[in-house]
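Analysis of the macromolecular model
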Amino acid sequence: MADAFLDLIDNSINAALKSSFASENALSYTALLESPPTKRFKVQLTFTPTKVIVEDDCGGITAKDAQEEVFVFGAGDQEGHQDDQLSVYGIGLKRAMFKLGKYIEMTSDHKDGGFKLDLNVPDWAKNKEQPWKFDINERPKAQAGFTKLEVTDLYKAVNARLSDAQFESQLKDRIARAYSFFISKIIDIYVNGQQIVAEQVAISDNQASENFSVDDVDVAILAGLGVPKDKRYLSETAGWNVYCNGRSVISYDKTGLTGWGVDGLLPSFQPKHRPFVGIVFFTSKHPESLPWTTTKLGVNPDNIVWQRTLKRMADAGKQVTRFLDARYSEDGTSISSDELQDAIGTAKTVTLKVTSSSPLLFRAPPKPPNNTTTIQYKVDKKELAEAKSATGQGSISNSEFGRYTYDYFVDNEVK
Ligand SMILES: Nc1ncnc2c1ncn2[C@@H]1O[C@H](COP(=O)(O)OP(=O)(O)OP(=O)(O)O)[C@@H](O)[C@H]1O
Ligand SMILES: [Mg+2]
């Protein structure tokens, strides 16, 4: 369901990018993060369980384009629009609107004259005439570009999903991740009146990185350590993140799709790999060459650019997993971030260290000499409980208590 909203936002951003941003390669996106925002566009999503509205000020659509391209299924063989970056297959808008409901109203203002479409889907579907026709009415020339899609008479499943209390926050999270490079730079996105704040993947300074091109696609790979939260690394923020023309298609993947547990690529993902963060950027002036699926919800494993990239992702990734594997201690699976501090360098949000010349290597600091050992012994449970309460913190764990009593002895008798 959230997918339908993302299909529509893709179109708005695609239109906004045409007039405001030309991407050359991965570096264009990091430069975007560092630059002050230029003119910002706006897309607003509003929904109730019975109605969905998506409106933007990203340029609008002419009646001619509506007639000849927008409501045509599939991108066809003809050369698409020159500077489309997120519009690829010619199906997103139709997929989204037909998925939502039975009554569709689309209105657009354009400086060369916009259009209005009223579509009653069940009535329209009765007409078996080919090719499909939509009743598009011209609107007068307007000063500002504007597009609004309103869907009512929603399908039952859609109504149920939109009534779900969780839905809005899940949608906001997905938007915050999917468009993290564009939010607040190119476009402001609102969901039911609330502005979305970008959620950027955080990677620290010490990175393995490489860039290259495969045919007409530029690829940049980064692998390194994430930035710990409250001194801890979580599984949810570990793995590979893939972007196509700045749009996230995979977040924190730890599966065979990105090479984990695949022979000749990476080891299987284990808790000791929680600090791992990888980022791959694919950029191209021909978005149909990028390895995304038609839904933009993943990568197409058959895509040749993807296949060539996987091996090199593993080469960069292994520099990091080898370090983490060596760091793994038998005492437990959680890695203390103190131990990793040396390896991290300065923690920053997405520092792309892609250079046009030589690849960068991950700098694994030498393992500190191991001067420690473990104490273990059995005690009476009741007596331990009494001893714990004598510390004034009755609920401390056994190991915390062991540490406490040991420190107490060392402080009083040894030092
Ligand atoms: N909000 C909008 N503003 C301006 N143009 C739009 C907007 N929505 C759709 N369009 C135009 O309509 C065309 C068709 O959109 P649709 O989403 O169906 O296919 P697509 O974006 O070309 O490909 P994809 O299947 O990858 O989404 C777009 O290429 C774009 O030119
Ligand atoms: Mg689209």
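Structure shown above.
Along each chain, residue indices are assigned from 1 in the same order as the chain's sequence is written. Whichever chain is written first becomes A and whichever ligand is written first becomes 1, with later ones labelled in order. Predicted model: local features are reported for residues with pLDDT of at least 70 only, side-chain atom pairs are reported and counted for 80 or more only, and whole-chain, interface and lining totals are derived from all residues.

A closer look at the overall build of the chain
The helix count covers DSSP runs of H or I at least four residues long, the strand count covers runs of E at least two residues long, and both are numbered beginning at the N terminus. Scanning the chain from terminus to terminus reveals 11 helices and 15 strands. Burial analysis of the chain (415 residues in total) assigns 36% to the buried set. Placing a C-beta atom from the backbone of each residue, one calls two residues in contact when those atoms lie within 7 Å. When contacts within the chain are restricted to residue pairs at least 6 apart in sequence, long-range pairs at least 24 apart make up 71% of them. Residues with at least 20 neighbouring C-beta atoms inside 10 Å of their own are called buried, those with 12 or fewer are called exposed, and the rest are partly exposed, where every C-beta is derived from the backbone.

Notes on the site of ligand 1
A molecule or strand has a residue near it when that residue's C-beta atom, placed from backbone coordinates, lies within 6 Å of it. Taken together, 21 residues lie near ligand 1, and Asn11, Ser87, Tyr89, Gly92 and Leu93 sit nearest. Those elements that provide at least two residues to the shell around ligand 1 are helix H1 (2-20), helix H3 (63-70) and helix H4 (92-100). Per-element accounting of the shell around ligand 1 gives the leading share, 5 residues, to H1. Each residue gets one of three labels, nonpolar for Ala, Val, Leu, Ile, Met, Phe, Trp, Tyr, Cys and Pro, charged for Asp, Glu, Lys and Arg, and polar for the others, Gly among them. Residue classes in the shell around ligand 1 are distributed as 9 nonpolar, 7 polar and 5 charged.

Some details on the nonpolar core
A set of buried residues drawn from Ala, Val, Leu, Ile, Met, Phe, Trp, Tyr and Cys, joined through C-beta atoms within 7 Å, is what defines a nonpolar core. Counting 85 residues, the largest nonpolar core has Ile13, Tyr179, Ile187, Val280, Phe281 and Phe282 as the members making the most contacts within it. Looking at this core element by element, the count peaks at 9 residues for helix H8 (residues 304-327). Throughout the structure description, domain borders are defined by an automatic or database domain assignment. Mapped onto the domain boundaries, this core takes at least three residues apiece from domain 1 (2-195) and domain 2 (202-349). When sequence neighbours within four positions are dropped, the list of residues in contact with phenylalanine 282 reads Val217, Val219, Tyr243, Cys244, Leu290, Pro291 and Val305.

Brief notes about the packing of H1 against H4
Geometry is summarised by axes, namely lines fitted to C-alpha atoms with helices restricted to the contacting stretch, and by angles between N-to-C directions that run from 0 to 180 degrees. Running from amino to carboxyl end, H1 crosses H4 at an angle of 145 degrees, the nearest separation of the two axes being 8 Å. Relative to H4, the crossing made by H1 is left-handed. Judged by residue contacts, Ala4, Asp7, Leu8, Asp10 and Asn11 of H1 engage Gly92, Leu93, Arg95, Ala96, Lys99 and Leu100 from H4. Handedness of a helix crossing follows the sense of rotation of the near helix relative to the far helix, less than a right angle counterclockwise being left-handed and clockwise being right-handed.

Examining the sheet that holds strand E5 (residues 136-138)
Each pair of strands is called paired provided DSSP finds at least two bridges between the two strands. Strands sit in the order E5-E4-E3-E6-E2-E1-E7-E8 across an open sheet of 8 strands; the sheet is mixed. Each end of this open sheet is capped by a strand with a single partner; those strands are E5 and strand E8 (194-195). Direction of pairing for strand E3 (residues 101-109) relative to strand E6 (residues 146-154): antiparallel, over a ladder of 8 bridges. Across the sheet, residue isoleucine 104 finds its bridge partner in E6, namely valine 151. On top of the sheet, H3 reaches strand E4 (115-120) and E5; it is set at about 160 degrees to E5, its chief contact.

Some remarks on the pairing of strand E2 (residues 51-56)
Sheet topology note: the strand E1 (residues 41-48)/E2 ladder contains 6 bridges and is antiparallel. Bridge pairing links glutamine 44 to glutamate 55 in E2. Between E1 and E2, which pair antiparallel one after the other, the connecting turn spans 2 residues. Taken together, the 6 bridges between E2 and E6 define a ladder with antiparallel strand orientation. Bridging across to E6, aspartate 56 finds its partner in threonine 147.

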